[in-house]
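Inside the fold
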Amino acid sequence: LHGLSGTRLEKGDTIREPKLLDKKGGLLLYDIVIANPPFSLKSWGLETAQNDPFKRFRFGLPPKGYGDFAFVQHMIATLKPAGRAGVVLPHGILFRGGAEGRIRQGILEEDLLEAVIGLPSNLFYGAGIPACLFILNKNKPANRKGKVFFLYGARDFQEGKNQNKLRPQDIKKIVDAYRGYSTIEKYSRPVTLDEIRQNDYNLNIPRYVDITVKESHIDVQQTIDELAGLKKARAKEKKK
């Protein structure tokens, strides 16, 4: 799988009946989890999750029509005490309220979320909408505790006919900014939990990173004069 040896593949349902279990029947725990769960899955297993034997949904049950935070909570439950996870998710999980807002609040208050990275649209098969990366860390470095790193990487990509692609330089730019915890204008910055609380735990990236593009200054009079000159030239050519 992606060139890694020792792969164990199991076909099943992660929420209703997880297959990766230890000898005692508990969830296998990992140092690192990477995942791309189905976006906003409708029938994700709410009926089973209400009596989950693995106690995975301690931050709350997601809505019946949006299974994103069910998968996120499963991944949190399968991390070792110093484990980390990188999860591809739709942007809706950043700002939807109700049950999802309460789950988001719980994850933030437990200081498990290390970074939110916005990606370009149309990167993944079958999903043209833009996605984001949730970087979870159960053992944040001291300088990252009580903060979430936000990065807006949606502008840097190679456009394709059917699908867009992150170029090596785009990936390097994201990785360098994340590793360096860098504040870069209109691109990235660390944000304190206090600021996120003031925004009611809304994680929408433009709330924290200014993504507006400055419009070039237009000299209105000069533009009018140019237009008048063009009209004269056109009239002259038409008469000719």
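These notes cover the structure that comes with them. Every value quoted in this text rests on a predicted model; they were computed, and no experiment measured them. (Residues numbered from 1 in each chain as written. Predicted model: local features only at pLDDT ≥ 70, side-chain atom pairs only at ≥ 80, totals over all residues. Heavy atoms only, no water.)

**Some details on the overall build of the protein**
The helix and strand inventory of the protein stands at 7 helices and 6 strands. Starting at the N terminus and ending at the C terminus, the protein contains elements arranged as β-α-α-β-α-α-β-β-β-α-β-α-α. The C-alpha radius of gyration of the protein comes to 23 Å, more than 25% above the 18 Å expected for a compact globule of 240 residues. With the principal axes as the frame, the protein shows a C-alpha extent of 90 × 40 × 35 Å. Looking at the protein residue by residue over its 240 residues, the buried ones come to 39%. Of the roughly 14700 Å² that the protein leaves accessible, carbon and sulfur atoms contribute 54%. Where the 40 positive side-chain charges of the protein centre and where its 27 negative ones centre are 3 Å apart. (Helix = DSSP H or I, 4+ residues; strand = E, 2+ residues; numbered from the N terminus. Rg over C-alpha atoms; globule rule 2.2 N^0.38 Å. Buried < 20%, exposed > 50% of the residue type's maximum accessible area, 1.4 Å probe, protein only. Areas by Shrake-Rupley, 256 points an atom, 1.4 Å probe, with all protein chains shown as cover. Lys, Arg positive; Asp, Glu negative; His and termini not counted. Charge placed at Lys NZ, Arg CZ, Asp CG, Glu CD.)

**Observations concerning helix 5 (residues 168–180)**
Given a rise of 1.5 Å per residue, 13 residues ought to cover 18 Å, and the 18 Å separating the end C-alpha atoms of helix 5 matches this to within 8%. Among all positions in helix 5, only Asp170, Ile174, Ala177 and Tyr178 are buried. What you see down the axis of helix 5 is that its buried residues fit within an arc of 100°, all on one side. Projecting away from the buried face of helix 5 at angles above 90 degrees are the exposed residues Pro168, Lys172 and Arg179. In this fold, the buried residues of helix 5 make contact with strand 3 (113–118), strand 4 (131–137), strand 5 (147–152) and strand 6 (188–192). One or two positions beyond helix 5, positive phi appears at Tyr181, with a value near 55°. (Expected span 1.5 Å × (residues − 1). Arc of directions from axis to C-beta. Contact = heavy atoms within 4.5 Å.)

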